[in-house]
There are 2 protein chains.
Amino acid sequence: MRRKLTLKDIARELGVSISTVSKSLKNSEEIGRDTKEKVQAFAKLYNYKPNNIAVSLKNKHTKNIGVIIPDIVHYFFTTVFRGIEKYANSLGYNVIICVSDESFDKEVINTELLANGSIDGFIMALSGETQLKNDYRHLTEVTEQGIPLVLFDRVTDEIKCDKVLLNDTEIAFEAVSKMIKAGRKKIALLTTENFFNVSINRELGYRKALEEHGLAVNENLILRLPFNEQIDGIYPFVSNNEIDAVLAVNEIFAIHAMGILQSKGMKVPEDISFIGFTNGLLSKYASPPLTSVAQHGDRMGELAAKMLIERIEMNFVEGKEEDFRTEIIKGTLIERESTVN
Amino acid sequence: MRRKLTLKDIARELGVSISTVSKSLKNSEEIGRDTKEKVQAFAKLYNYKPNNIAVSLKNKHTKNIGVIIPDIVHYFFTTVFRGIEKYANSLGYNVIICVSDESFDKEVINTELLANGSIDGFIMALSGETQLKNDYRHLTEVTEQGIPLVLFDRVTDEIKCDKVLLNDTEIAFEAVSKMIKAGRKKIALLTTENFFNVSINRELGYRKALEEHGLAVNENLILRLPFNEQIDGIYPFVSNNEIDAVLAVNEIFAIHAMGILQSKGMKVPEDISFIGFTNGLLSKYASPPLTSVAQHGDRMGELAAKMLIERIEMNFVEGKEEDFRTEIIKGTLIERESTVN
DNA sequence: TTGATTTACGAAAACGGTTTCGTGTTAATA
DNA sequence: TATTAACACGAAACCGTTTTCGTAAATCAA
């Protein structure tokens, strides 16, 4: 078990000082040609790599970014994460990821853990419980310490920071309008209890579409599933209501509802249309394939990482603050066979 | 922007030495009651938290574990990761994740990046390219440095380390046997080019099942899709071969093939049966729902993390080596409507 | 030859902790 | 009362870097 080579080792071996070694490896002008070459050759030969931890301690930055998301087995978050990882990696940043599991406590613990020097900045989507409790002290703590933070998808106005969001309202409006124009009149909304900003906004778009097309909003056609994935609520809902279209805030709700109604003999899209959020594998491989809104997670992740890293590196030159941006990613309605044109 | 409190700050404020503060916060017996209480009260009041980086540098361990997987938008890997994260977190470890994107170079870069002090140990599933190239020098490098490593799912015999695997051969055998017993005779295998240990083993189980039940292996019924997801190859294959059952090494292949054949008028499971690996959302929500082998990613991840952390903490007491374990997780055949009983 | 620069390098502080060891006080013992 | 042990704390080394600053030797100008 070879121990890792340190500057001190090289210095001893070559009979020079540690500072000379350090400077040589950085190709400093201060050091003479011969010495530099000697040191560099030695370092290459024995495959010297600086100790990240020591560098981090000295330089006060870690080149790590912390990501906290509510769930990892989840198509959308996973694509966002891919976007973050790809962009961050290309700039030499590593990603430390924690999952809050939709729990407030875990979110708090994780952010405190990471905030103590492990990372240079955070990218987060709020946990369900956090949005429910509306308690963001752990986040103000973070921002007050000057740690850059960008929130995506599940955000809050309470925290002043960079944000990246989907145009939830607009795209929900677009989706519902599409179905209305195709002649649908009894359009159901499958959503979650609305302490989520995304649920609220999508519902807003849904209502607006109905209203602008002269359709009354029937509150009975809005199903708000409780937080803990009580997908079972869908069965009685779709069984007991006469509907000819469904907008669901995720693909699971949509596919599940579609399956139920198909088994009851309804034809998709002849008798009923479906549109879901999250353009994942489920949508692609359903039968019929599901029309759905692509949230462009990769793009969101990339943008979030870009904003974060800009802010991190701005801090070095003591940039100005308070000019937080919130960027909107435009969703795309991917039309498949679960709707008619 | 409040700067973080350090031991030095507390020491100065309280008129004691840094060592006294440090020891007080660890509740050392060396320090008198009053002093300890004073320090602890002050620390709590101003919410002192030690700097992780400094602690890591001093203690030579980071409480971080590095995970490198080929893909993150992938049900199985994602469940494994969840298992790792949950277990690691419960023991105070954080998880740094890198995705190799099935690329050898990225895998190498990422492992080298993390190996330089950022983590205490690795959990990895090999990238496709790595298994293809059969070049594992970056891993021997890691193990030679005494960094614990556990490989899961995509492993190699070339590296001596802890491993956790699915009983691929046995469970494939079981799956195929089930279909044979239900009267299927023309069973196709949808797999990948076999530089993957998993593909090899699953094929082994497939062949063994046929042979043990007195069925000849028809090489034409084995489709090896090239590495870069050339799922398009499935269409001509299932169109041009007469088959009554399919075993696929992942759910996407299975669902895709099922969709094609259904659109050609075949009834599932009356005319043809399907079994896939990866018991994900796709399997659950397909119509009909897909019988599939659950790989118990959560359990694999938890076990991998357990083995890794045991080895990490063993190192502290200079434990013995060379007694590497490879644990086998038993897959479970989840029977749904794509097969008959 | 002398003084001023430049060159090439080393000493040491710093990052923020942990830990060993030494020491001045006080309490216990002979 | 003198000796020793226990107690409570501080000084300093250390982890592996980076970086500032000081300085001896070499080079230059006068």
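Model, not experiment: these values are computed from the prediction. (Residues numbered from 1 in each chain as written. Chains lettered and ligands numbered in written order. Predicted model: local features only at pLDDT ≥ 70, side-chain atom pairs only at ≥ 80, totals over all residues. Heavy atoms only, no water.)

A. Geometry of the overall build of chain A. The number of helices and strands found in chain A is 14 helices and 12 strands. The globule rule puts the C-alpha radius of gyration for 341 residues at 20 Å, and the 26 Å found for chain A is more than 25% above it. Each of the three principal axes of chain A carries a C-alpha extent, and together these read 85 × 40 × 35 Å. Buried residues in chain A amount to 55% of all 341 residues. For chain A, long-range pairs separated by at least 24 residues make up 71% of all intrachain contacts whose partners lie at least 6 apart in sequence. (Helix = DSSP H or I, 4+ residues; strand = E, 2+ residues; numbered from the N terminus. Rg over C-alpha atoms; globule rule 2.2 N^0.38 Å. Buried < 20%, exposed > 50% of the residue type's maximum accessible area, 1.4 Å probe, protein only. Contact = heavy atoms within 4.5 Å.)

B. Quick peek at the environment of B:Met124. Residue and element names in this part refer to chain B. With respect to the helices, strands and loops of the structure, methionine 124 is situated in strand β3 (residues 121–124). What makes methionine 124 buried here is its relative accessible area of 0%. Separated by 96 residues in the primary sequence, methionine 124 and asparagine 220 place their C-alpha atoms 34 Å from one another. Ignoring sequence-local partners within four residues, the contact set of methionine 124 consists of Ile68, Glu107, Thr111, Leu139, Leu149, Val150, Leu151 and Phe152.

C. Inspection of the interface of chain B and chain A at higher detail. Facing the 50 residues of chain B at the interface are 50 residues of chain A. Counting the surface lost from both chain B and chain A, the interface buries some 4700 Å², and carbon and sulfur atoms represent 55% of this. Of all residues in chain B, B:Ile53, B:Asn116 and B:Tyr285 give up the largest surface area on contact with chain A, accounting jointly for 15% of the area buried on that side. Between A:Lys49 and B:Glu112 there is a salt bridge, with its nearest N and O atoms 3.9 Å apart. Elements represented by at least two residues in the side of chain B that touches chain A include exactly α4 (52–59), α5 (75–90), β2 (94–99), α6 (104–115), α8 (137–144), α12 (251–263) and α13 (281–285) of chain B. Per-element accounting of the side of chain B that touches chain A gives the leading share, 8 residues, to α5(B). Among the residues forming the side of chain B that touches chain A, the class breakdown is 22 nonpolar, 17 polar and 11 charged. Note: strand β2 (residues 94–99) of chain A against β2(B), 3 bridges, orientation antiparallel. (Buried area = accessible area lost by both parts, 1.4 Å probe. Salt bridge = Lys/Arg side-chain N within 4 Å of Asp/Glu carboxyl O. Nonpolar A, V, L, I, M, F, W, Y, C, P; charged D, E, K, R; others polar. Pairing = 2+ DSSP bridges.)

D. Up close: the domain arrangement of chain A. All names here are of chain A. According to the domain assignment, chain A consists of domain 1 (7–50), domain 2 (62–165 + 298–329) and domain 3 (168–295). With centres defined by C-alpha atoms, the gap from domain 2 to domain 3 works out at 30 Å. A buried area of about 980 Å², summed over both sides, lies between domain 2 and domain 3, and 63% of it is on carbon and sulfur atoms. Inspection of the region where domain 2 meets domain 3 yields 0 salt bridges. Applying the counting rule to domain 2 against domain 3 returns 3 residue pairs in polar contact (both at pLDDT 80 or more). Sorting the residues of the side of domain 2 that touches domain 3 by element identifies α5 (75–90) and α7 (128–133) as the ones contributing at least two each. It is α7 that provides the largest number of residues to the side of domain 2 that touches domain 3, a total of 4 residues. (Domains from an automatic or database assignment. Polar contact = N/O pair within 3.5 Å; in protein donor to acceptor, adjacent residues only side chain to side chain.)

E. Looking closely at the relation of the copies chain B and chain A. Placing chain B over chain A gives an RMSD of 0.1 Å and needs a rotation angle of 180°, together with 0.0 Å of translation along the axis. On the angle and the small slide along the axis, the relation comes out as a two-fold axis. No C-alpha of chain B approaches the rotation axis more nearly than that of B:Ile96, which lies at 2.1 Å. (Least-squares fit on C-alpha atoms with pLDDT ≥ 70 in both.)

F. Molecular detail of the protein's contact with DNA strand D. Around DNA strand D, a shell composed of 29 residues is seen, among which B:Thr20, B:Lys23, B:Glu30, B:Gly32 and B:Thr35 lie nearest. Near the protein, within 4 Å, the atoms of DNA strand D are sugar or phosphate in 58% of cases. A distance of 3.2 Å is found between a base oxygen of DNA strand D and a side-chain nitrogen or oxygen belonging to A:Lys23. Taking B:Thr35, its side chain carries an N or O atom lying 2.4 Å from a phosphate oxygen of DNA strand D. Put simply, the parts of the chain that give the surface near DNA strand D at least two residues each are α1 (7–14), α2 (18–25) and α4 (52–59) of chain A together with α2 (18–25) and α4 of chain B. (Near = heavy atom within 4 Å.)

G. Representation of the environment of A:Ile187 within the structure. Residues and elements named next belong to chain A. As for its position among the elements, isoleucine 187 is in strand β6 (residues 187–192). The exposure class of isoleucine 187 is buried, given its relative accessible area of 2%. Counting along the chain gives 31 residues from isoleucine 187 to asparagine 218, while the straight-line C-alpha distance between them is 8.8 Å.

H. Structural view of the side chain of A:Ser24. All names here are of chain A. Relative to the helices and strands, serine 24 is located in helix α2. Since its relative accessible area comes to 0%, serine 24 is described here as buried. Excluding its chain neighbours within four sequence positions, the residues that come into contact with serine 24 are Ile31, Thr35, Lys36, Val39 and Gln40.

I. Focus on the protein's contact with DNA strand C. All names here are of chain A. Around DNA strand C lies a shell of 29 residues, among which Thr20, Lys23, Glu30, Gly32 and Thr35 are the nearest. In DNA strand C, atoms within 4 Å of the protein come from the sugar-phosphate backbone in 55% of cases. Here lysine 23 contributes a side-chain N or O atom positioned 2.4 Å from a base oxygen of DNA strand C. Grouping the amino acids of the surface near DNA strand C by side-chain chemistry returns 10 nonpolar, 10 polar and 9 charged.

J. Region of interest: the packing of α2(A) against helix α3 (residues 33–45) of chain A. All names here are of chain A. Contact geometry for α2 and α3: axes closest at 9 Å, N-to-C directions at 85°. Considering the angle they form, α2 stands roughly perpendicular to α3. Across the interface between the two elements, Thr20, Val21, Ser24 and Leu25 from α2 touch Thr35, Lys36, Val39, Gln40 and Ala43 from α3. Split by residue class, the contact of α2 with α3 holds 4 nonpolar, 4 polar and 1 charged. (Axes fitted to C-alpha atoms, helices over the stretch in contact; angles between N-to-C directions. Parallel < 35°, antiparallel > 145°, perpendicular 65-115°, else oblique.)

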